[in-house]
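# Report on the structure
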Amino acid sequence: SQTIHQWPATLVQPVGSPLSLECTVEGTSNPNLYWYRQAAGRGLQLLFYSVGIGQISSEVPQNLSASRPQDRQFILSSKKLLLSDSGFYLCAWSPLQGRNQPQHFGDGTRLSIL
Amino acid sequence: QKEVEQDPGPLSVPEGAIVSLNCTYSNSAFQYFMWYRQYSRKGPELLMYTYSSGNKEDGRFTAQVDKSSKYISLFIRDSQPSDSATYLCAMSAPGAQKLVFGQGTRLTINP
């Protein structure tokens, strides 16, 4: 069966520091991969998605970036964090084969910027 | 106007009650519909996935889609305290890589 891992679960960072969040998927090949941010009491905002290694689509202009160095690895980064980057970051995957398949989420990283 | 509207609640009902959660949408291209359950400090978990009008049942959960009215529902029968969570609807158009989510409804089942 497929599993998705995100780490760390919780992170507290100072303003202006760099960020690297990692997500890996097991038990499947060539997945679509997604990064979302969820603000308190609000819905899910899609940040980036990827259909293959090195292929990244950005949904929202911001100081975050994403990379996919391996088939089942997705990384969210920032060079300098802002207070507004605080939130709950979720990684998700869906099968590449068969469009419109549902997405499956990891348990997220809660990021607090001080 | 948002593409998907979902009442954020909160919704509080007694244990054993039937719960009805709803979403409306404006984009007639949406053909695939999902319901997710999200416990506090956890990621959303897929509950139901359907792509046809009508009802789909899985245990105590029933998903209902009315494409003519652009309205979807999730019914929970014999609700349990463990059903207390935020429920998110999501949908997509054919060929789309992305899902469009509702805001989520916070549900509390009181023992």
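Shown above is the structure to which this text applies.
As a starting point, this report considers the structure included with it. Numbering of residues starts from 1 in every chain and runs along the sequence as written. Written order determines the labels here, with chains lettered from A and ligands numbered from 1. Residues qualify for local features only when their pLDDT is at least 70, as the model is predicted, and side-chain atom pairs are given and counted only at 80 or more; totals for whole chains, interfaces and linings, by contrast, use all residues. Just so you know, side-chain values use all the structure's heavy atoms and leave hydrogens and water out.

### Comments concerning the interface of chain B and chain A
How large an interface is tends to be reported as the accessible area lost when its parts come together. Here a residue-residue contact requires only that any non-hydrogen atoms of the pair lie within 4.5 Å. Chain B puts 21 residues into the contact, and the matching count from chain A is 24 residues. Interface of chain B and chain A: buried area, both sides summed, is about 1,900 Å²; carbon and sulfur atoms make up 50% of it. Salt bridge, as used here, is a side-chain nitrogen of Lys or Arg placed within 4 Å of a carboxyl oxygen of Asp or Glu. For the pair chain B and chain A, the number of links is 2 salt bridges. Contacts described as polar in this section are N or O atom pairs within 3.5 Å, which, within protein, must combine one atom able to donate a hydrogen with one able to accept it, while residues neighboring in sequence count only if both atoms come from side chains. Run the count over chain B and chain A and you get 6 residue pairs in polar contact (both at pLDDT 80 or more). Listing elements by their share of the side of chain B that touches chain A, those giving two or more residues are β4 (32–38) and β5 (45–50) of chain B. A run of H or I in DSSP becomes a helix once it reaches four residues, and a run of E becomes a strand once it reaches two; helices and strands are each numbered from the N terminus. Among the elements that line the side of chain B that touches chain A, the one with the most residues is β4 of chain B, at 4 residues. Buried area is calculated as the accessible area (1.4 Å probe) missing from two parts once they are joined, with the contributions of both summed.

### Notes on the environment of His-5 of chain A
Residues and elements named next belong to chain A. Tracing the backbone through its elements, the reader meets His-5 in strand β1 (residues 3–7). The buried label applies to any residue whose accessible area, calculated with a 1.4 Å probe on protein chains only, is under 20% of its type's maximum; exposed applies above 50%, and partly exposed to all values in between. Since its relative accessible area comes to 33%, His-5 is described here as partly exposed. Beyond its immediate stretch of four places on either side in the chain, His-5 contacts Glu-22, Cys-23, Thr-24 and Glu-26. Of the polar contacts made by the side chain of His-5, one reaches the side chain of Thr-3; its length is 3.5 Å.

### Here we look at the side chain of Ser-92 of chain B
With respect to the helices and strands, Ser-92 of chain B occurs in strand β9 (residues 85–92). Overall, Ser-92 of chain B belongs to the buried group, its relative accessible area being 1%. Residue contacts for Ser-92 of chain B: discarding those within four places in its chain leaves Asn-100 of chain A together with Ala-29, Phe-30, Gln-31, Tyr-32, Met-34, Lys-98 and Leu-99 of chain B.

### Comments concerning the pattern of salt bridges
Residues and elements named next belong to chain B. As enumerated under the stated definition, the model contains 7 salt bridges over all chains in all. Ionic pairing is found between Arg-37 and Glu-45, a salt bridge with its closest N-O pair at 3.1 Å. Judged by relative accessible area, which is 12%, Arg-37 ranks as buried. Residue classification places Glu-45 among the partly exposed residues on the basis of a relative accessible area of 35%. Residues Glu-57 and Arg-77 are paired through a salt bridge, measuring 3.4 Å at the closest nitrogen-oxygen approach. A residue pair is termed long-range when its members are at least 10 positions apart, and Glu-57 in strand β6 (residues 54–58) and Arg-77 in the loop between β8 (71–76) and β9 qualify at 20 residues.

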